[in-house]
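Here's the letter readout for the chains.
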Amino acid sequence: MVLRGKNVIVAISGSIAAYKSAILVRQLIKSGARVRVVMSESSKDFVSPLTLSTLSKYPVYSDFNSNKETGEWINHVELGLWADAMVVAPATANTLSKMRSGESDNFLIAAYLSARCPVFFAPAMDLDMYNHQSTRENIDWLVANGNIFIAPGNGELASGLVGEGRMAEPEEIVSSLERFFQRNLPLSGKKVLITAGPTREKIDPVRFISNRSTGKMGFALAEEALRKGAQVTVVCGPNSIVNSDSIERINVVSAQEMFDQVWAKYSWADVVIMTAAVADYRPASISDQKIKKTGGPLEIKFVRTVDILGELGKSKQKQLLIGFAVESENELENAKSKLKRKNLDLIVLNSLNDSGAAFEGDTNKVSIIDKNNKIEHKQLKSKVEVAADIIDKIVTLL
Ligand SMILES: Cc1cc2nc3c(=O)[nH]c(=O)nc-3n(C[C@H](O)[C@H](O)[C@H](O)COP(=O)(O)O)c2cc1C
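Residues numbered from 1 in each chain as written. Predicted model: local features only at pLDDT ≥ 70, side-chain atom pairs only at ≥ 80, totals over all residues. Heavy atoms only, no water.

1. Thoughts on a nonpolar patch on the surface
Next, step 1: On the surface, a nonpolar cluster with roughly 430 Å² of combined accessible area is contributed by I209, Y281, L298, I300 and F302.
Next, step 2: Inspection of the secondary structure puts F302 in strand β17 (residues 302-304).
Next, step 3: For F302, a relative accessible area of 33% puts it in the partly exposed group. (Patch = residues over 30% accessible without salt bridge, like charges linked within 9 Å, V, L, I, M, F, W, Y side chains within 5 Å. Areas by Shrake-Rupley, 256 points an atom, 1.4 Å probe, with all protein chains shown as cover. Salt bridge = Lys/Arg side-chain N within 4 Å of Asp/Glu carboxyl O. Helix = DSSP H or I, 4+ residues; strand = E, 2+ residues; numbered from the N terminus. Buried < 20%, exposed > 50% of the residue type's maximum accessible area, 1.4 Å probe, protein only.)

Here it is, written out as structure tokens:
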């Protein structure tokens, strides 16, 4: 998830462990990264460029010249700048030494020296090569100068010797990158609780009263918060949205059930975003039997449901509390009054008078109002883009 859309250079040097790099490329791509492969000349004896270009869907780079006749060349500087991360795996003793000294006599080292992104390196070599003082000093120097070390494993080596020096497994290398990017995301370490969708209030065993909310806005926010590194829980009324596995989803039906679940999670959360369209009223009693039709009108008495947002506002401690308002008249005045009354930090207003806004569709047009009554009027956008605007605003408040 965190590697989705990241540009990653996999740089392969000449170790027997180079075959594992093919698996590494596949796993990085599976995790959502775009991968370009750089190979040292000697690594081509261990794994074929054809395998790696097929897996990465890009040509493999190992030479500055792409066509000696025409003078066309591969731009190592551009490649270095393209990357969000570079992983040297396997990193031979030779390549480690050149990374340290800057001896740029091959494409891999030139790309390394050009990269402004974080560089990970996973050494692979025989135990005596690994324990040699010069290798150890090179590793220490590289770490001290900002490169990220992925330690080799201990075990049987290609030489038949047993000890340290076996390249970390591809899964471990991918996890290192994920941990790195996770830590550096703006919401990493934050817990976000979101409500989404409608609620349903039962009238009898077959009927209920509900509203037009689909949960799209709430889940768009949940996915965006997740992308930004948060731990996310969504408490949602009935809806048909399929969400990422990494989101904790708690399904509820009525306003009271939604309140119970949100209340139980409230102290856990750093940010609470209430997008659900919660019923304000429910039938005073639920008929045990299906209500039969009669000749005359049917009267149902409604009573107030619990005011979830109001209760959260009253007990707010560390949480940033964000509410949504759907209004059809006096939109701004009503939203500002709700912001104050419910002790919110932000309110997101959507007006039923704007076409393409609020319920059911894939778009929304919102105004974001903060505690100081500062208003940001946004254009009509997809709900995914609106979610990004709201989460960005939350990041600035945090
Ligand atoms: C079969 C074989 C296996 C090798 N395995 C390793 C290795 O695991 N680690 C290493 O540092 N060098 C290893 N070498 C030596 C490197 O391939 C050699 O130092 C080469 O110059 C490295 O160049 P490069 O760093 O540009 O890829 C091996 C050599 C051979 C022939």
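Further notes follow.
2. Digging into helix α8 (residues 170-183)
Next, step 1: Taking 1.5 Å of rise per residue, the 14 residues of α8 would be expected to cover 20 Å, and the 20 Å separating its terminal C-alpha atoms lies within 8% of that figure.
Next, step 2: Among the residues making up α8, those that are buried are P170, I173, V174, S176, L177, F180 and F181. Angularly, the buried residues of α8 cover 155° about the axis, an arc narrow enough to put them on a single face.
Next, step 3: For α8, the elements touching its buried residues are β1 (7-12), α1 (19-30), β5 (85-91), β6 (119-123) and β7 (148-149). (Expected span 1.5 Å × (residues − 1). Arc of directions from axis to C-beta. Contact = heavy atoms within 4.5 Å.)

3. Focus: unusual backbone geometry
Next, step 1: A cis geometry characterises the amide bond from A89 onward to P90, with omega recorded as 0°.
Next, step 2: Its place among the elements puts P90 in strand β5.
Next, step 3: A positive phi angle is found at N343, which is not glycine, with a value near 60°.
Next, step 4: Here N343 is to be found in the loop between α12 (331-341) and β19 (346-351).
Next, step 5: Look at N343 and you get partly exposed, because its relative accessible area is 35%.

4. Considerations on the packing of aromatic side chains
Next, step 1: Taken as a whole, this structure holds 7 aromatic pairs when the rule is applied.
Next, step 2: Seen in terms of ring centroids, F180 and F181 are 5.3 Å apart; in terms of plane orientation they differ by 90°. Their pairing is edge-to-face. Accessibility assignment for this pair places F180 and F181 in one class, buried.
Next, step 3: The structure contains a cluster of three or more aromatic residues connected by ring pairs, namely Y61, F64 and F107. (Phe/Tyr/Trp six-rings, centres within 6.5 Å; stacked < 30°, edge-to-face > 60°.)

5. A short note on the domain arrangement of the protein
Next, step 1: Here the protein is partitioned into domain 1 (7-183) and domain 2 (191-397).
Next, step 2: One C-alpha centre belongs to domain 1, the other to domain 2, and the line joining them spans 47 Å. (Domains from an automatic or database assignment.)

6. Side note on the side chain of T275
Next, step 1: Counting through the fold element by element, T275 comes out in the loop between β15 (271-274) and β16 (281-283).
Next, step 2: Accessibility expressed as a relative area gives 13% for T275, which makes it buried.
Next, step 3: Residues within four places of T275 in sequence aside, it is in contact with I194, T195, A196, G218, L221 and F324.

7. Let's talk about the layout of surface pockets
Next, step 1: The computed volume of the largest pocket comes to approximately 870 Å³.
Next, step 2: Every residue lining the largest pocket is counted, 40 residues in all, and those nearest its centre are A276, A277, V278, D280 and K338.
Next, step 3: Breaking the lining of the largest pocket down by element, the ones donating at least two residues are α9 (216-227), α11 (308-314), β18 (320-327) and α12.
Next, step 4: With 4 residues, β18 is the largest single contributor of residues to the lining of the largest pocket.
Next, step 5: Residue composition of the lining of the largest pocket, grouped by class: 18 nonpolar, 12 polar and 10 charged.
Next, step 6: Space inside the second largest pocket adds up to approximately 310 Å³. (1 Å grid on protein atoms, 1.4 Å probe; cavity = no way out; pocket = protein on both sides within 12 Å on 5 of 7 lines; lining within 4 Å. Points joined across faces, edges and corners; volume = space filled by probe spheres on them. Nonpolar A, V, L, I, M, F, W, Y, C, P; charged D, E, K, R; others polar.)

8. A closer look at the site of the ligand
Next, step 1: Surrounding the ligand, one finds 14 residues, the nearest of these being G14, S40, S42, T92 and T95.
Next, step 2: In this structure, S42 approaches the ligand through a side-chain N or O atom, which is 2.7 Å from an oxygen atom.
Next, step 3: Notes on the ligand: free accessible area 630 Å², of which the protein chains cover 61%.
Next, step 4: At 3 residues, helix α4 (residues 93-101) tops the list of elements feeding residues into the shell around the ligand.
Next, step 5: In terms of residue class, the shell around the ligand is made up of 6 nonpolar, 8 polar and no charged. (Near = heavy atom within 4 Å. Polar contact = N/O pair within 3.5 Å; in protein donor to acceptor, adjacent residues only side chain to side chain.)

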